[in-house]
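Residues per chain, in single letters:
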Amino acid sequence: MTLVSAALAVAAPVAAAAPRPSRAPVPAAPSGPGATRTALTRALDALVTRHGIPGVAAEVSDPRRGRWSAARGVADLTTRRPMRAEDRFRIGSVSKTFTATVVVQLAAEGRIGLDAPVERYLPGLLRGDGHDGRTITVGQLLQHTSGLPDHVESVTGLPVEAWRYRHFEPRELIATALALPRPDKPWHYSTTLDHQDARRRERHRTRRRGGGHPAGTGRWSRRAPAAAASPSP
């Protein structure tokens, strides 16, 4: 199996994407490791030159063809330092994949019910402005059909530097989301869901270790030791 991971530098607002050209017959792509590298580097070039992304990096890991990486653009708009494939990135929404996987694993172990209300695991967390954790299920959180707003929408109009290095507690972000206007469609992409799933996952993990608060208290104050905290990028 080939694994491809990619990251984008968001040091500046992204330019609007170019209009999509009319469809035309697509010739068969050449195969082989050389062709794969060429296709990837062309895609990275397009992200920088056509879509206005300041810098991009990608890594390919293939057991048959080895591991290699590529980068395009700049990592710093002020110094114009070139992007490097080994630069560190916040994984952003990639964390949703890991969080959802653990939640589904807990469901397979019988520790969480996908059709169970969020209130059962995080009592009192989802209350306010018409939102009620007693009527929102775990499965709806994973499918982005819970009707919850996305707390990210509260900072989209602000300069990146205004919030880039600020730390937010999960409960703070959830409260921010609940104060936003409700989505007008049944499906709405929401990062808020990821924080709730992560809190539920951590609560189950702590119970297995014998720590944390007992079920039904509605409290959650467990913090990772300072030495284990991830450094800022």
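The coordinates are above.
What you are looking at is a predicted structure, and each value in this text was computed from that prediction instead of being measured. (Residues numbered from 1 in each chain as written. Predicted model: local features only at pLDDT ≥ 70, side-chain atom pairs only at ≥ 80, totals over all residues. Heavy atoms only, no water.)

The buried fraction of strand 2 (residues 55-62) amounts to six of the eight residues, a majority that puts the element mostly inside the structure. Pairing analysis gives eight bridges linking strand 2 to strand 3 (residues 66-73), with the strands arranged antiparallel. If you follow G55 over to strand 3, its bridge partner there is G73. In this structure, the hairpin formed by strand 2 and strand 3 is closed by a connection of three residues. (Buried < 20%, exposed > 50% of the residue type's maximum accessible area, 1.4 Å probe, protein only. Helix = DSSP H or I, 4+ residues; strand = E, 2+ residues; numbered from the N terminus. Pairing = 2+ DSSP bridges.)

Here we come to the pattern of salt bridges. Applying the stated criterion to the full structure yields 12 salt bridges. Put simply, E59 and R67 hold a salt bridge, and the shortest N to O gap is 3.0 Å. With a closest N to O distance of 3.3 Å, E161 and R164 form a salt bridge. We classify E161 as exposed; its relative accessible area is 52%. Beyond isolated ion pairs, a larger network of salt bridges with shared partners links R81, R84, E86 and D87. (Salt bridge = Lys/Arg side-chain N within 4 Å of Asp/Glu carboxyl O.)

Turning our attention to the nonpolar core. Counting residues in hydrophobic clusters, the biggest one holds 16 residues, and the most contacted among them are V118, Y121, L126, I136, L141 and L148. Of all the elements in the fold, those that place two or more residues in this core are helix 2 (94-108), helix 3 (138-143) and helix 4 (170-178). Residues L44, I53, V56 and V60 belong to the second largest nonpolar core, which totals eight residues. (Core = buried A, V, L, I, M, F, W, Y, C linked by side-chain atoms within 4.5 Å.)

Listing the buried residues of helix 4 in full gives L173, I174, A177 and L178. Burial along helix 4 is one-sided: seen end-on, the buried residues are contained in an arc of 140°. (Arc of directions from axis to C-beta.)

Our next topic: unusual backbone geometry. With phi around 65°, R80 is a residue other than glycine that occupies positive phi space. With respect to the element layout, R80 can be found in the loop between strand 3 and helix 2.

This paragraph deals with the side chain of K96. In this structure, K96 sits in helix 2. Classification of K96 by relative accessible area gives buried; the value is 13%. A polar contact of 3.3 Å, which involves the side chain of K96, links it to the side chain of T191. (Polar contact = N/O pair within 3.5 Å; in protein donor to acceptor, adjacent residues only side chain to side chain.)

By the secondary structure assignment, S146 is in the loop between helix 3 and helix 4. Among the polar contacts made by the side chain of S146, one reaches the main-chain amide nitrogen of L148 at a distance of 3.3 Å.

This next bit is on the environment of P82. Position of P82 relative to the elements: it lies in the loop between strand 3 and helix 2. A relative accessible area of 53% places P82 in the exposed class. Distance from P82 to A71, taken between C-alpha atoms, is 8.5 Å for residues 11 residues apart in sequence.

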